[in-house]
Amino acid sequence: MTATGLSALWSHWRRNPLQLFTLVAGLALATALWSGVQAVNAEARASYDAAAATLGEGQYDQLLPAAGSDIAQETFIALRRAGWLVGPVVEGQIGPAGTPVRLVGIDPLTAPGGLGPVGGGSMDLPQFLSEQPVFANAATAAKLEGLIDAPLVIEPTIAPDTAITDIFVAQRLLGAQGRLNRLILAPEQPVGRPALENIAPDLTRRAAQGGSDVGRLTDSFHLNLTAFGLLSFAVGIFIVHGAIGLAFEQRRAMVRTLRALGMPLRRLIVLMASELLVLALIGGVLGVSLGYIVAATLLPDVAATLKGLYGAQVSGALQLRPAWWLSGLAISVLGTAIAATGALISVARMPLLASAQPRAWATYRARARQIQMAMSVALLATALILALVGEGLVMGFGLLACLLIGAALALPLVLDGMLWLASVRARSVVAQWFWADTRQQLPGLSLALMALLLAMAANVGVSTMVSSFRLTFTGFLDQRLASEIYVSAQSVQQARALEAFAAPLTSEVLPLLSVEATLAGLPAELYGARIGATYRDNWGLLAAAPNVWDSVAAGDALLVNEQLARRAGLWVGDDLRIGPQTVLPIAGVFGDYGNPIGQAIVSEPLFSTLHPQVTALRFGLRTDDAEALRNALTDDFGLPAASITDQAQIKAFSLAVFERTFTVTAALNVLTLSVAGFAIFMSLLTLAGMRLPQLAPAWALGMTRRRLGQLELMRAVVLAALTTACALPLGLALAWVLLAVVNVEAFGWRLPMYVFPRDYAVLGLFALAAALLAAAWPARRLARTPPADLLKVFANER
Amino acid sequence: MLLHVKHLKKSYSGAEGAVPVLRGIDMEVAAGETLALTGESGSGKSTLLHLIGGLDTADSGLIELDGQDITAMDDTQRAAVRRTRIGIIFQQFNLIPSLDIAANIAFQARLAGTYDVGSTDDLAKALGLATHLRKYPEQLSGGQQQRVAIARALAPRPQLILADEPTGNLDESTAADVMSQMLALVAQTGAALIMVTHSPRLAGQMGRQLHLRQGLLA
């Protein structure tokens, strides 16, 4: 019985291959976009984790030397003898100029993670110690080939452009015998060991951060990518929902017959669910494969963006990860389940006898419309309430979901209202028929139009957010990178000499002084600034007290960044403790885009009083002739060219990074819009078969097939235009939620929102073009329908 | 006796409350017997047929098919009875449009687990469908589609055939052909036949006639 039932159900797809294609393609596209974005994110995160595991950052407390110096091997030995469980790390750069490799030396006998950083599976400890290999991924190993005399072992889990080896090998290769860069502390330390100050007073302890710095820095970028992936997935699921709904609707009679011939309802539901599960898995496999292509195409741009924005090393090559495959298949099955639940319930509730069915179905449709309207109103009202009174990141995403789903559900009702308005104003008989017929088509097209609405809104929202970010960031760069030249010294002595040398050649020398601190109970950085014309002229503040710069320069007040202000609930006029005896009022709040942690700025003299041991090793230099100053620094002072950075270079680089970001966003925009175009195309194509009974009377009454085809095209364009008109305000609302709610909740800073009418107009034209393209073939088919097919509509019997 | 129906009642809810359709039907049908159910529209003929076929449930009363009480069965048990013991022929044919004619004829027999290639081929030949087996329902005329529905109902060798105005959608000449073929085949299989019809001429071809009036047997 099961096989017979399945063969009957499957025969529907065999006879309607286009519908089957729509369903599988919709699933594949939805899964592809989702899993493609997830693959990019997963690859990037795996790279951060590999980097964190390699360097011990984030996971363990560390002992660090004073800025600009290193740790003597004797200090490490003294700490071990005193009972401190520490593992030494030495690191430095080797390999080709321009793309150097970071070589990290660890001691597997004392490192808290043992051989963990190198995967641990490919080699045991005695082998590691005796063969003294250098571990790197394939690309990095290729770079090092021939440059080092140690054996190279390929280990794919190691971070890009990083190599790991035994500490003695690393010291030899780096020419740093007897020197260490930092010590990693094991999580469990013996009780009763002497205090650090008694053995190594020059070392400072940095606490574990529960994750890599880079991982947290790039969260914003990944969050946005994930949101985009989710929206794309939603658009795809609309297609699947449409295809499943249509298939179930067309199989209503068959289901009734199967039941009348003795197929139990429960068995039938299980068979239909199994059938969908198989299709979901097929669509999922195709989607994950497509997603791999999407990810492999996007990853180089994403990797370049992350490297440029955050300095994060992300491998440009994609690895096949089982978890990613499984999650792709799971999302495909989940999406199908979401799309099919309503249809399966309606089959389960469908009356067996046909006579009772039409009236029940009509009642059901009317009720469904009322439910849809009620749900839309409830969701939009919830979104409004969340926007006004909600708090937290979950609320932000809840707001996004309510807004988008509520708006999508409202779309058919809004469009119906617009079309009704047009129909009552129509004068000619053809126009009246056109508008009435368009209204009649609306239910069949509404899912595709909802998909278009979401795709357009996502485009408007995300591009507004990225463009606003770019504008704001450009202004922020002008503010932060005011100095024409930035220089770095190798040691404290060189820093002092450099400052003395540069002073007469520049209008201002701005030391970059900072320490890690805990402010208002939060991890933060305290900066010391030499307040002068640069700060006064260039720094814009989000909020400021009168005479803000005078009071900060005098050491009577301080500035805090927006992150610290928002997280600690502080604002201008509030007090902040920055030392055991020092509490200062906040005189201003500054924007600090992209920075994950809080910052406070005090005057340089006050900073030096609080932290006399900290000396600036980096400086910003103000000059009218950057070229002359650069020459003087290299020729007269002898500073290596690599220690000098032009402001223009940094800005150009930063903006280039944004162009990369735009490439990623634009690619996702095009993909999402294509999916929506595909949804319209498939809807029109499947509806075309059912259109004949509606169009045949108009043809019989004197309208040519060509004219009917033209009107079909116009109908698609009109509906796309109306949907676009609805998508613009929704997209702007989406951008506002992303910028003013999600970003603030997730990262503590708010971006100002700008609008880009020209971009929206271009996007609107693209949407119309997509609709036109989608409607072209179905309209052409209609225009060429043989009269015999149209005549069949009027035949009572064949 | 193959079929016992006792005190069968059924009503549908309408805008003005419950509307009684069957108000206490008692009848019996022997194995191999042919019976016509006649009556005006709304007299309850189709409802009685649906209740006997387990397609709908009665408000009260008893329907015993070969000693088994259908009214006491749940949905799954009624489905089992339908696929193994009853063949139903609908006025609207209700073929599965995506299966070809051969698959449609064999469908219920496959469901019942009684499929036999030889006997379904014989049915197809007897009903003049042998040359249409690879076609789809939409490619056949109304008369041919109803012949397919008859073959499908007979293929599992049921004890009881229920036919709801099987020629209602056919012209007179075609209807006569279909009817004579159906009666001949039913006689060959030894099944009982209950047929709902408006036509006194068709009813006259059956072994017995029952007339329904306002939900009661006249």
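The structure this text deals with has already been given above.
Predicted model only: the values in this text are computed from it and were never measured.

Chemist: Could you clarify how one ought to interpret the overall build of chain B in this entry?
Modeler: Looking only at helices and strands, chain B features 7 helices and 10 strands. With 218 residues in all, chain B has 54% of them scored as buried. Sequence-distant contacts, at least 24 apart, represent 73% of the contacts inside chain B between residues at least 6 apart. About 9,000 Å² of surface is accessible on chain B, with carbon and sulfur atoms providing 47% of the total.

Chemist: I would appreciate a short explanation of the environment of I199 of chain A in the present structure.
Modeler: Its place among the elements puts I199 of chain A in helix α7 (residues 196–199). Along the backbone, I199 of chain A and F76 of chain A are 123 residues apart, and their C-alpha atoms lie at a distance of 9.7 Å.

Chemist: Mind showing me how you'd approach the side chain of T38 of chain B here?
Modeler: Residue and element names in this part refer to chain B. In this structure, T38 sits in strand β3 (residues 34–39). Judged by relative accessible area, which is 11%, T38 ranks as buried. Within the local environment of T38, its side chain forms a polar contact with the side chain of H211, the two groups lying 3.0 Å apart. Once residues within four sequence positions are removed from consideration, T38 is found in contact with K45, T197, A203, L210, H211 and L212.

Chemist: Could you clarify how one ought to interpret the sheet that holds strand β1 (residues 3–14) of chain B in this entry?
Modeler: Across a sheet, paired strands are connected by hydrogen bonds in the backbone, their directions being either parallel or antiparallel. All names here are of chain B. The strand order β2-β1-β4-β5 describes an open sheet built from 4 strands, whose pairing is antiparallel. The sheet is open, and its two edges are formed by β2 (17–29) and β5 (68–69), each paired on a single side. Sheet analysis places β1 next to strand β4 (residues 60–65), joined by 5 bridges and oriented antiparallel. In the sheet register, K9 faces β4, and the bridge partner there is S60.

Chemist: Please clarify how the pattern of salt bridges should be interpreted in this entry.
Modeler: Residue and element names in this part refer to chain A. Counting across every chain of the model gives 18 salt bridges over all chains. Among the salt bridges present, the one from R530 reaches E604, with a minimum N-O distance of 2.6 Å. Of this pair, R530 sits in the loop between β14 (522–529) and α17 (533–538) while E604 sits in helix α20 (residues 604–610), placing them 74 residues apart in sequence. Owing to a relative accessible area of 18%, E604 belongs among the buried residues under this scheme. A salt bridge links D550 to R536; the shortest N-O distance between them is 2.9 Å. Of this pair, D550 sits in helix α18 (residues 548–553) while R536 sits in helix α17, placing them 14 residues apart in sequence. According to the relative accessible area criterion, D550 is partly exposed, its value standing at 43%.

Rules of the game
- Residues numbered from 1 in each chain as written.
- Chains lettered and ligands numbered in written order.
- Predicted model: local features only at pLDDT ≥ 70, side-chain atom pairs only at ≥ 80, totals over all residues.
- Heavy atoms only, no water.
- Helix = DSSP H or I, 4+ residues; strand = E, 2+ residues; numbered from the N terminus.
- Buried < 20%, exposed > 50% of the residue type's maximum accessible area, 1.4 Å probe, protein only.
- Contact = heavy atoms within 4.5 Å.
- Areas by Shrake-Rupley, 256 points an atom, 1.4 Å probe, with all protein chains shown as cover.
- Polar contact = N/O pair within 3.5 Å; in protein donor to acceptor, adjacent residues only side chain to side chain.
- Pairing = 2+ DSSP bridges.
- Salt bridge = Lys/Arg side-chain N within 4 Å of Asp/Glu carboxyl O.

Function cannot be read off these values alone, since they describe shape.
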